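# Overview (structure and organization)
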There are 2 protein chains.
Amino acid sequence: MKIGIYGYGNLGKGVECAIMQNPDAELVAVFTRREPSSVKILTPTAEVVKADKVLEYKDRIDVLVICGGSATDLPVMTPELAKNFNVIDSFDTHAKIPEHFRNVDAAAKENGNIALISAGWDPGMFSVNRLMASAILPQGKDYTFWGRGVSQGHSDAIRRIDGVLDARQYTVPVEEAMNRVRAGENPELTTREKHTRECFVVAKEGADLGRIENEIKTMPNYFADYDTTVTFITKEELEREHKGIPHGGSVIRTGVTGKDSENKEIIEYKLTLDSNPEFTASVILCYARAIYKMRSRGVIGCKSVFDIAPADMSAVPYDEMLAKML
Amino acid sequence: MKIGIYGYGNLGKGVECAIMQNPDAELVAVFTRREPSSVKILTPTAEVVKADKVLEYKDRIDVLVICGGSATDLPVMTPELAKNFNVIDSFDTHAKIPEHFRNVDAAAKENGNIALISAGWDPGMFSVNRLMASAILPQGKDYTFWGRGVSQGHSDAIRRIDGVLDARQYTVPVEEAMNRVRAGENPELTTREKHTRECFVVAKEGADLGRIENEIKTMPNYFADYDTTVTFITKEELEREHKGIPHGGSVIRTGVTGKDSENKEIIEYKLTLDSNPEFTASVILCYARAIYKMRSRGVIGCKSVFDIAPADMSAVPYDEMLAKML
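Below is a short write-up of the structure. Source: prediction; values computed, not measured.

## Let's talk about the overall build of chain A
Across its full length, chain A carries twelve helices and 14 strands. Computed over the C-alpha atoms, the radius of gyration of chain A is 22 Å, within 12% of the 20 Å expected from 2.2 N^0.38 for a compact globule of 326 residues. By the burial criterion, 57% of the 326 residues in chain A qualify as buried. Taking contacts inside chain A between residues at least 6 apart in sequence as the whole, the part at least 24 apart equals 67%. Carbon together with sulfur atoms contributes 48% to the accessible area of chain A, which is approximately 13700 Å² in total. Within chain A, one finds 40 positive and 47 negative side-chain charges whose respective centroids are separated by 2 Å.

## Details of the packing of aromatic side chains
Two aromatic rings, taken as a pair, are described by how far apart their centres are and by the angle between their planes. Tallied over the full model, the rule gives twelve aromatic pairs over all chains. Over the face of the ring belonging to Phe145 of chain A we find Lys194 of chain A, whose NZ or CZ atom lies 5.5 Å from the ring centre.

## Remarks on the nonpolar core
Judged by nonpolar contacts, the single largest core of 163 residues is most densely connected at Ile3, Ile88 and Tyr287 of chain A together with Ile3, Ile88 and Tyr287 of chain B. Setting aside residues no more than four positions away along its own chain, Tyr287 of chain B makes contact with Ile88, Leu116, Ala119, Met125, Val128, Val305, Ile308 and Met313 of chain B. Of all hydrophobic cores here, the second largest spans 13 residues; its members include Ala167, Ala207, Ile216 and Phe223 of chain B.

## Describing the sheet that holds strand S2 (residues 26–32) of chain B
All names here are of chain B. One open sheet accounts for seven strands, arranged S3-S2-S1-S4-S5-S6-S14; its pairing is parallel. Single-partner strands in this sheet number two, and they are strand S3 (47–50) and strand S14 (301–303). Two elements, strand S4 (residues 63–66) and strand S5 (residues 87–88), share two bridges in a ladder whose sense is parallel. Bridging across to S5, Leu64 finds its partner in Val87. Across the sheet, helix H10 (residues 276–296) lies against strand S1 (2–6), S4, S5, strand S6 (114–116) and S14, angled at about 155° from S6, the strand it touches most.

## Observations regarding the interface of chain B and chain A
Taken together, the contact between chain B and chain A spans 64 residues of the former and 64 residues of the latter. Carbon and sulfur atoms supply 65% of the area buried between chain B and chain A, which totals about 5800 Å² over both sides. Summed over the shared surface of chain B and chain A, the result is zero salt bridges. For the interface between chain B and chain A, the tally reads 31 residue pairs in polar contact (both at pLDDT 80 or more). When residues of the side of chain B that touches chain A are traced back to their parent elements, those giving at least two are helix H1 (10–21), helix H3 (97–110), helix H4 (125–136), strand S12 (247–257), strand S13 (263–273), H10, helix H11 (310–313) and helix H12 (318–324) of chain B. The element contributing the most residues to the side of chain B that touches chain A is S13 of chain B, with eleven residues. Here the side of chain B that touches chain A is composed, by residue class, of 36 nonpolar, 16 polar and twelve charged. Note: strand S13 (residues 263–273) of chain A against S13 of chain B, nine bridges, orientation antiparallel. Following the sheet pairing, Ile266 of chain A is matched in S13 of chain B by Thr272 of chain B.

## Focus: the environment of Ile41 of chain A
Secondary-structure assignment places Ile41 of chain A in the loop between strand S2 (26–32) and strand S3 (47–50). Taking the C-alpha atoms as reference points, Ile41 of chain A and Val316 of chain A, separated by 275 residues in sequence, lie 28 Å from one another.

## As for the relation of the copies chain B and chain A
Of the two same-sequence chains, chain B is brought onto chain A (RMSD 0.1 Å, axial shift 0.0 Å) by a rotation of 180°. One copy is carried onto the other by what is essentially a two-fold rotation axis. Comparing interface residues between copies, 100% of those in chain B also lie at the interface in chain A; the contact surface is shared.

## Remarks on the sheet that holds S13 of chain A
Taken in spatial order, the six strands of this open sheet run S7(A)-S12(A)-S13(A)-S13(B)-S12(B)-S7(B), and their pairing is antiparallel. Pairing within the sheet leaves two strands with one partner each, and these edge strands are strand S7 (140–146) of chain A together with strand S7 (140–146) of chain B. Each neighbouring strand pair of the sheet contributes to a mean axis angle of 10°, computed without reference to strand direction. Pairing of S12 of chain B with S13 of chain B involves eleven bridges; the strand directions are antiparallel. Directly across from Gly249 of chain B, in S13 of chain B, lies its bridge partner Leu271 of chain B.

## Concerning the pattern of salt bridges
With the rule as written, the count across this model stands at 41 salt bridges over all chains. Notably, a salt bridge pairs Asp156 of chain A with Arg159 of chain A, separated by 2.5 Å at the nearest N-O pair. Of this pair, Asp156 of chain A and Arg159 of chain A both sit in helix H5 (residues 152–159), three residues apart, which is roughly one turn of the helix. Since its relative accessible area comes to 24%, Arg159 of chain A is described here as partly exposed. The salt bridge involving Asp260 of chain B is made with Lys259 of chain B; its shortest N-O contact spans 3.4 Å. Salt bridges here are not isolated pairs; linked through shared partners, they connect Asp156, Arg159 and Asp166 of chain A.

## Topic: the pairing of strand S11 (residues 227–232) of chain B
Along any regular strand the residues' side chains alternate between the sheet's two faces. Residues and elements named next belong to chain B. Pairing of strand S10 (residues 195–203) with S11, which is carried by six bridges, proceeds in the parallel orientation. Of the residues in S11, the one forming a bridge with Arg197 is Thr228. Traced from S10 through helix H8 (residues 209–217) to S11, the parallel crossover comes out right-handed.

## Section: the packing of H1 of chain B against H10 of chain B
Residues and elements named next belong to chain B. With their axes 8 Å apart at the nearest point, H1 and H10 run at an angle of 55° to one another. By the angle between their directions, the pair H1 and H10 is classed as oblique. At the point where H1 passes H10, the crossing takes the right-handed sense. Across from Asn10, Leu11, Gly14, Val15, Ala18 and Ile19 in H1, the residues of H10 making contact are Pro277, Glu278, Thr280, Ala281, Ser282, Ile284 and Leu285. Looking at the contact of H1 with H10 residue by residue, the class counts come to eight nonpolar, four polar and one charged.

## Describing unusual backbone geometry
Residues and elements named next belong to chain B. Here the residue pair Asp122 and Pro123 is connected by a cis peptide bond, since its omega of 5° sits within 30 degrees of zero. Tracing the backbone shows Pro123 in the loop between S6 and H4. Cis geometry is found at the peptide bond from Gly147 to Arg148, where omega equals 5°. Note that Arg148 resides in the loop between S7 and strand S8 (149–150). A positive phi angle, near 55°, is found at Asn186, a position not held by glycine. Here Asn186 lies in the loop between helix H6 (175–182) and helix H7 (191–194).

## Structural notes on the side chain of Lys303 of chain A
Within the secondary structure, Lys303 of chain A is located in strand S14 (residues 301–303). No salt bridge is formed by the buried Lys303 of chain A. Its closest oppositely charged neighbour is Asp307 of chain A, at 5.4 Å. Discounting residues that sit within four places of it in the chain, Lys303 of chain A has contacts with Phe101, Ile114, Ala115, Leu116, Ile117, Met294 and Ile308 of chain A together with Tyr318 of chain B.

Each value, and the rule that gives it
- Residue numbers restart at each chain and count upward from 1, following the sequence in its written direction.
- Working convention: letters from A go to chains and numbers from 1 go to ligands, in the order in which they are written.
- In keeping with the model being predicted, local features are shown solely for residues with a pLDDT of at least 70 and side-chain atom pairs are shown and tallied solely at 80 or more, while totals for entire chains, interfaces and linings include all residues.
- Only hydrogens and water are set aside; all other atoms, that is, all heavy atoms of the structure, feed into the side-chain values.
- The secondary structure listing takes helices from DSSP runs of H or I that are at least 4 residues long and strands from runs of E that are at least 2 residues long, numbered from the N terminus.
- We take the radius of gyration over the C-alpha atoms and set the globule estimate at 2.2 Å times the residue count to the 0.38 power.
- Relative accessibility decides the category of a residue: with a 1.4 Å probe and only protein chains considered, values under 20% of the type maximum give buried, values over 50% give exposed, and everything between is partly exposed.
- The contact criterion used throughout is that any non-hydrogen atoms of two residues lie within 4.5 Å.
- The method behind every accessible area is Shrake-Rupley, applied with a 1.4 Å probe, and residues are considered shielded solely by the protein chains displayed.
- Working convention for charge: Lys and Arg count positive, Asp and Glu count negative, and His plus the chain ends are omitted.
- For the purpose of locating charges, the reference atoms are NZ of Lys, CZ of Arg, CG of Asp and CD of Glu.
- Between rings of Phe, Tyr and Trp, where Trp is taken as its six-membered ring, a pair exists when centres lie within 6.5 Å; planes separated by under 30 degrees are stacked, by over 60 edge-to-face, and by other angles tilted.
- Think of it as a cone above the ring: NZ of Lys or CZ of Arg counts as a charge over the ring if it is within 6 Å of the ring centre and within 35 degrees of the ring normal.
- Residues belong to one nonpolar core when they are buried, are Ala, Val, Leu, Ile, Met, Phe, Trp, Tyr or Cys, and are joined through side-chain atoms within 4.5 Å.
- Strands are treated as partners if at least two bridges between them are detected by DSSP.
- For helices, the axis comes from a line fit to the C-alpha atoms of the stretch in contact; other axes are also lines fit to C-alpha atoms, and the angle between any two N-to-C directions lies between 0 and 180 degrees.
- Once two parts are put together, the accessible area they lose, assessed with a 1.4 Å probe and summed over both, is termed the buried area.
- The term salt bridge refers to a side-chain nitrogen of Lys or Arg lying within 4 Å of a carboxyl oxygen of Asp or Glu.
- Here a polar contact means two N or O atoms within 3.5 Å. Within protein one must be a hydrogen donor candidate and the other an acceptor candidate, and residues neighboring in sequence count only if both atoms are side-chain atoms.
- Under the scheme applied here, ten amino acids are nonpolar (Ala, Val, Leu, Ile, Met, Phe, Trp, Tyr, Cys and Pro), four are charged (Asp, Glu, Lys and Arg), and all others, including Gly, are polar.
- Each copy is superposed on the other by least squares, with the fit set by C-alpha atoms of residues at a pLDDT of at least 70 in both.
- A clockwise path from the first strand over the helix to the second, with the strands pointing away from the viewer, defines a right-handed crossover.
- Here the angle decides the label: under 35 degrees means roughly parallel, over 145 means roughly antiparallel, 65 to 115 means roughly perpendicular, and every other value means oblique.
- Each crossing gets its handedness from the near helix: less than a right angle anticlockwise from the far helix is left-handed, clockwise is right-handed.

Listed below in structure tokens is the structure:
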């Protein structure tokens, strides 16, 4: 399958790396809003093209992977590009997913294309596991823990504080809460009991550290509901110790079975990721493969990860799956 | 959907319990080879019927759940019943799955029915997770650990030894090996390094315990390749301490991503089950729902868990899934 990457940030680079690992995928072109000559990519056979020329590639790309931000890029880009391409994105504003789905569905259907929104790990693999686990154990309770990992949104929020040069925020699951869930205790957990937030902050020389720390810890939505620690470090330390983008987490479903609900059953799906964007990109490539296969069977319109059979995500021939992986 | 249960052992009872948890499912009848009046079921509105009368229920059952043994029952029953019913089984002889699939596929297709074989957790949910994880991380390695849990096959093998009255065998994953895998070490592990086997044996009075222990520990395929411990206990202790049927395990995929394969990513799917048959039955009911939905869209023939989109496993309306679970 011939792939185009629309947007070449961390996620777009991750998609390129994922394509390199998958012999059935080929990168045709990277589309960028920057000056193409300033963008260096890893694939010698692929082109770098100005984003506004994407339509010229309409017949040369099987699936266009849209690597834009969820706040303002994707709500516009994905429906627009779905008019001319089979597309996939990683839209992650949970509250606006139904609206985004409807917009993309209309554009894709009208033009005979297929699309898949919200691929990745949350939304994505975590969603698939929440859905399957809740179907298997209808009498049960769901828990999602995130981390230990870098939250880009929270890091950005700190950077906007006056006197802050740079920052890195880690979301950390509370071990004791996870252990209670894994032991089948079915606890009711508040926001504060599930996660803590660790902030590493580089301040401007002479900045009021006490004020910065206080502004972080009392910031509504982002930090006020959590136990937050703030550590001031140097720019050098930030670059040396915090340059990775690790993440992960667990989706846990605890439920009961049996005549008198006497047996506990626990399902856990856990990710431990050195690179959040590269893993997200690897998931996206599987779903790109899936919609490519589905389109070749005549399926059009917008899909979600809930619509995708596992067999379509894999490049392994079906007979071999049955013989070796079932 | 109207369900029939064909075979009422531990698994069949588990399916009945699962139906009780799912308002969209209704138990119509239990089919048994025993004398129906001797079989007590939990559902007052369902019938208990002699197995050879199953065809009389052809038009009253949407999906027939076949709860037979994989060694001799299912290879005959599932293709035969697929001629007249939409069927699902939990066939678990991994090496014979392709042959079983072909037989069931032919019978189902010829008669316009749908079937799904090998539902449960291994084969089943573990297979789905092996497939998805290997698709996401093509440069990686798979590990499956089972237990701590009761292996029916190994318990039976001990019971066949002269002088043994009863036995219970636990498959136990080696914690150290699991920890090495979870740490991303990618170890090469022998059979012996992955699992140990714990046997609790009730011997006949006067039996030669040394001989029994030796026969167990040297039994080819079952025990010879493992570190096996044998503990002799009384019948009372067996009944008191070992009456449950717990099981579980982990499917772990460790892989790398990035330009220079520099980042490790780990996916783990873990089950901790008080009741192996009840959990298996709960999974089966989800896949029964899936084939029921697929049949109503005109799909026929044999399917595996690889063919099933998560949305079809759930009773939640699609719009609600998108809004709340993605």
